[in-house]
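This is what each chain is made of:
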Amino acid sequence: MANANHGPLGSVVPASSLREQAEEAIAAAIVSGQMPPGEVFSAPSLAARFGVSATPVREAMLNLSKRGMVDIVRNKGFRVTAVSEDEMRAIVDVRQLLEAPAVGRLAGVLSGAELGRLRGLAEEIVRGARDADLARYLQADTTFHLTLLKLAGNMRLHNIVADLRAQTRLTGLAELVATEELRASAREHLELLELLEAGDAEECERLMVRHIGHVLGWWAGHREA
């Protein structure tokens, strides 16, 4: 998806791919705080910002409205929805309670192929942090965590967490670009894989709790102890 650091997509990209890429890039901009809560954006303005035509952007925004990330404002565009600090704390609490034990149960049971796929995603997260590409970072991060939950074999849990992630706002994430905090957060995915491969369920759970907690710390623009 085109952004401030990349040119527009070529005309050979299928329309469905343009819509999907637009949705991923806009969702990343909303989650990271680059598109602030309460602000109204029109499809043409976003099309110009991301270097594509208005049609895939409009389709992407309609999908994002179904995900609760924007509200439709008649004759004006789309307003980014806000999530309160109390709501964010509740989201983090639920994620820590659900995800940490589910991931812990995967310790020592994943196949080499499964670990290899996860390692590829973890390395993509690290590259996104290194290259200051938040859209790439967030997309790989989301895929990594939801893939873990698929491997845990509980699609209801997977769907709950996917919904919670869509409601999350990481308002300080844009300020973390090119910082050691973002790189450290990215490396935690590789550390988790080492623990999973070693079969250390207890440390897996501990790392997951700390990692999800960054939503209220680094990723919210707050210092962590």
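Throughout, residues of each chain are indexed from 1 in the direction in which the sequence is written. With the structure being a predicted model, the display of local features is reserved for residues of pLDDT at least 70 and the display and counting of side-chain atom pairs for 80 or more, all residues being used for whole-chain, interface and lining totals. Neither water nor hydrogens contribute to the side-chain values; these are computed over all heavy atoms in the structure.

**What to know about helix α8 (residues 180-198)**
Okay, so step 1: Numbering of helices and strands runs from the N terminus; a helix is a DSSP stretch of H or I covering at least four residues, while a strand is a stretch of E covering at least two. To estimate how far a helix should extend, the number of its residues minus one is multiplied by 1.5 Å. Look at α8: 26 Å from first C-alpha to last across 19 residues, which is about the 27 Å you get at 1.5 Å a residue.
Okay, so step 2: Burial classes: relative accessible area under 20% of the type maximum marks a residue as buried, over 50% as exposed, and values in between as partly exposed (1.4 Å probe, protein chains only). Looking at α8, one finds that the buried residues are Leu182, Ala184, Ser185, Ala186, Glu188, His189, Leu192, Leu193 and Leu196.
Okay, so step 3: Residue contacts follow a heavy-atom distance rule, with two residues in contact if any of their heavy atoms lie within 4.5 Å. Looking at the buried positions of α8, the neighbouring elements they touch are α4 (85-104), α5 (112-130), α6 (134-151) and α9 (201-213).
Okay, so step 4: Immediately beyond the C-terminal end of α8, within one or two residues, lies Gly199, with a positive phi of roughly 80°.

**Observations regarding the sheet that holds strand β1 (residues 40-41)**
Okay, so step 1: Overall, antiparallel pairing links the three strands, which are arranged β1-β3-β2 in an open sheet. Lying at the two open borders of the sheet, with one neighbouring strand each, are β1 and β2 (70-73).
Okay, so step 2: Two strands qualify as a pair provided that DSSP identifies no fewer than 2 bridges between them. For β2 and strand β3 (residues 77-80), the ladder comprises four bridges, and the chain directions are antiparallel. Bridge pairing links Asp71 to Arg79 in β3.
Okay, so step 3: Running at roughly 120° to β2, helix α3 (residues 54-66) makes contact with β2 and β3 of the sheet. Fitting a line to C-alpha atoms yields each axis, with helices limited to the stretch in contact; the angle taken between N-to-C directions then spans 0 to 180 degrees.

**Regarding the pattern of salt bridges**
Okay, so step 1: Whenever a carboxyl oxygen of Asp or Glu lies within 4 Å of a side-chain nitrogen of Lys or Arg, that contact is scored as a salt bridge. Under the counting rule described, the total for this entry stands at 15 salt bridges.
Okay, so step 2: For the salt bridge of Glu23 with Arg19, the shortest nitrogen-to-oxygen distance reads 2.7 Å. Taken together, the residues span about one helical turn, with Glu23 and Arg19 both in helix α1 (residues 15-31) at a distance of four residues.
Okay, so step 3: Exposure remark for Glu23: the relative accessible area of 9% places this residue in the buried category.
Okay, so step 4: Judged by its relative accessible area of 21%, Arg19 falls in the partly exposed class.
Okay, so step 5: Residues participating in the shared-partner salt-bridge network are Glu124, Arg127, Arg130, Asp131 and Arg136.

**Quick look at the packing of α8 against α9**
Okay, so step 1: Contact pair α8 / α9: the axes reach a minimum separation of 9 Å and the direction vectors enclose 165°. Taken together, α8 and α9 sit at an angle that is classed as roughly antiparallel. Between α8 and α9 lies a crossing of left-handed hand. Here Ser185, Glu188, His189, Glu191, Leu192, Leu195 and Leu196 of α8 lie close against α9, whose contacting residues are Glu203, Cys204, Leu207, Met208, Arg210 and His211.
Okay, so step 2: Here the residues of the contact of α8 with α9 are counted per class, giving six nonpolar, three polar and four charged. In these notes the angle categories are as follows: under 35 degrees is roughly parallel, over 145 is roughly antiparallel, 65 to 115 is roughly perpendicular, and the rest is oblique. By definition, any crossing whose near helix is turned counterclockwise from its far helix by less than a right angle is left-handed, and any crossing with a clockwise turn is right-handed. Any residue that is not Ala, Val, Leu, Ile, Met, Phe, Trp, Tyr, Cys, Pro, Asp, Glu, Lys or Arg is counted as polar, Gly included; the first ten are nonpolar and the last four charged.

**Quick look at a nonpolar patch on the surface**
Okay, so step 1: Grouping into patches uses exposed residues only, defined as over 30% relative accessible area, and leaves out salt-bridged ones; the cut-off is 9 Å for like charges and 5 Å for nonpolar side chains (Val, Leu, Ile, Met, Phe, Trp, Tyr). The Shrake-Rupley method, run with a 1.4 Å probe, gives the accessible areas here. Residue values count only the displayed protein chains as cover. Among the surface-exposed residues, Val94, Leu97, Leu98 and Ile160 lie close enough to one another that they form a single nonpolar patch of about 330 Å² accessible area.
Okay, so step 2: Of the residues forming the nonpolar patch, the biggest block, three residues, is contributed by α4.
Okay, so step 3: Note that Leu97 resides in helix α4.

**A closer look at the nonpolar core**
Okay, so step 1: The term nonpolar core refers to a set of buried residues drawn from Ala, Val, Leu, Ile, Met, Phe, Trp, Tyr and Cys, joined through side-chain atoms within 4.5 Å. In terms of nonpolar packing, the biggest core is built from 60 residues, with Ile26, Val57, Phe144, Leu192 and Leu196 touching the most fellow members.
Okay, so step 2: In terms of residue count, α1 provides more of this core than any other element does, nine residues in total.
Okay, so step 3: Of all hydrophobic cores here, the second largest spans five residues; its members include Ala102, Leu149, Leu157 and Val161.

**Focus: the environment of Ala132**
Okay, so step 1: With respect to the element layout, Ala132 can be found in the loop between α5 and α6.
Okay, so step 2: On a C-alpha basis, the gap between Ala132 and Arg183 in space is 9.7 Å, while along the polypeptide they are 51 residues apart.

**Here we look at the confidence of the model for the protein**
Okay, so step 1: The pLDDT averaged across the protein works out to 87; a share of 90% of its residues lies at or above 70.
Okay, so step 2: What pLDDT conveys is the predictor's confidence in a given residue, as a value from 0 to 100. In the predicted structure, residues 1-14 sits below a pLDDT of 50 and forms 20 contacts with residues beyond four places in sequence or in another chain.

**Focus on the side chain of Arg165**
Okay, so step 1: Looking at the element boundaries, Arg165 is found in helix α7 (residues 155-167).
Okay, so step 2: The class for Arg165 is buried, based on a relative accessible area of 14%.
Okay, so step 3: Whenever a nitrogen or oxygen atom comes within 3.5 Å of another N or O atom, the pair is scored as a polar contact, on the condition that within protein one atom can donate a hydrogen and the other can accept it, and that pairs from neighbouring residues in sequence are kept only if both atoms are in side chains. Here the side chain of Arg165 touches Asp141 through a polar contact of 2.5 Å, side chain to side chain.
Okay, so step 4: Contact partners of Arg165, with chain neighbours within four places excluded, come to Arg95, Asp141, Thr142, His145 and Leu146.

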